Amino acid sequence: LLAAMLFTAIGLAGKYAPSTLGRNIQNKRGAVGHMFTRLKEIHTYGPVDILVIGSSHAYRGFDPRVFSRQGYRLFNLGSSAQTPIQTEYLVKKYIDQLRPRLVIFELFPAVFCIDGVESSIDLLSNGEVDWGAVKMSWALQNLVTWNTLVYQLFNSLFYHDPYEEPLCKNGDCYVSGGFVEKQEHYVYQNSPRPSGLTWKLRSDQISAFRRIIAFLKTKKYPVVLVQAPITHNFYNAYENNPEVDQFLRTSGLHYFNVNQTKIGYNNAFFNDADHLNSQGVRVLNQFILDAFSAEGLLPSAGNVEYQGSVN
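Here's what I pulled together on the structure shown here. (Residues numbered from 1 in each chain as written. Predicted model: local features only at pLDDT ≥ 70, side-chain atom pairs only at ≥ 80, totals over all residues. Heavy atoms only, no water.)

## What about the sheet that holds strand β3 (residues 102–106)?
One open sheet holds the five strands; their spatial order is β2-β1-β3-β7-β8, and the pairing between them is parallel. Of all strands in the sheet, those with a lone pairing partner are β2 (74–76) and β8 (254–257), marking the two edges. The mean angle between the axes of side-by-side strands here comes to 20°, regardless of whether they run parallel or antiparallel. The sheet contact formed by strand β7 (residues 223–227) and β8 spans four bridges and is parallel. Its bridge partner being in β8, Q227 is matched across the sheet by N257. (Pairing = 2+ DSSP bridges. Helix = DSSP H or I, 4+ residues; strand = E, 2+ residues; numbered from the N terminus. Axes fitted to C-alpha atoms, helices over the stretch in contact; angles between N-to-C directions.)

Below, the structure written as structure tokens:
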């Protein structure tokens, strides 16, 4: 009886209480990153040549249109602040539908250093509540995540939500295939950053990362790890970058740290300290295509005609 009362109370509070009274119940539907549209579109995809997973560096850094011109069908399943705990949920939910011939796992070191609550709320608000979502929430052991999960389940059971996400909003446009493009072209201007910082990797995120790699190996999906570029002064603010590289190489997979190329040294390629602008995206994607081709990592190109556009 108490469980039923709590379920109803959380659902009604999330639906009707002022946001100032419901800080522990969050609904981020349609927030930054177009996750609602991405998860809606994914049901029309599969199989694909390349699947990209990871943080905002993934969905803002890998453009399906660039890969299409080389004959590859790509879907980008990145999301804001996506940590390995959320990546594990998404991979297990969608991998067999998409059946990629190559998985690009974008890994910004910061995602190993945070709890994943922000990303979990993004996924729960914009996706569906299923057993995988429950297990993801259990892994976090966070009140806000649990309340958000309960609210979303209550909402899906008792209310029809006609929400449609605009394809262009707040300066971002969703491109079919999971990419989000800035409408305006910016060039980042250096700002002072502290030095002597260290990436402090969490054990729960490391464990989730290792489970993902083991799962994909068991399913025989080829995986390549990529650390997408951030600005040079941001990258150099951290003293233990070599330790992060060594940790990622222990996976036994091919690993590319793009910060060690000219892309990470050129502010003209960035909107802000850690996200590429449109020019930087094109440069990064061509670098990936060339580097992967040189290493024999790309699947054979198909005859895929990309139909997506900026809407």
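## Here we look at the environment of L124
Structurally, the position occupied by L124 is in helix α6 (residues 117–126). By relative accessible area, L124 is classed as buried at 1%. (Buried < 20%, exposed > 50% of the residue type's maximum accessible area, 1.4 Å probe, protein only.)

## Section: the packing of helix α7 (residues 131–140) against helix α8 (residues 143–158)
Two numbers describe how α7 lies on α8: the axes approach to 8 Å, and their chain directions differ by 160°. In terms of orientation, α7 lies roughly antiparallel with respect to α8. As for the relative orientation of α7 and α8, their crossing is left-handed in sense. Contacts between α7 and α8 involve A133, V134, S137, W138 and L140 from the former and T145, W146 and L149 from the latter. (Parallel < 35°, antiparallel > 145°, perpendicular 65-115°, else oblique. Left-handed = near helix turned anticlockwise from the far one by under 90°. Contact = heavy atoms within 4.5 Å.)

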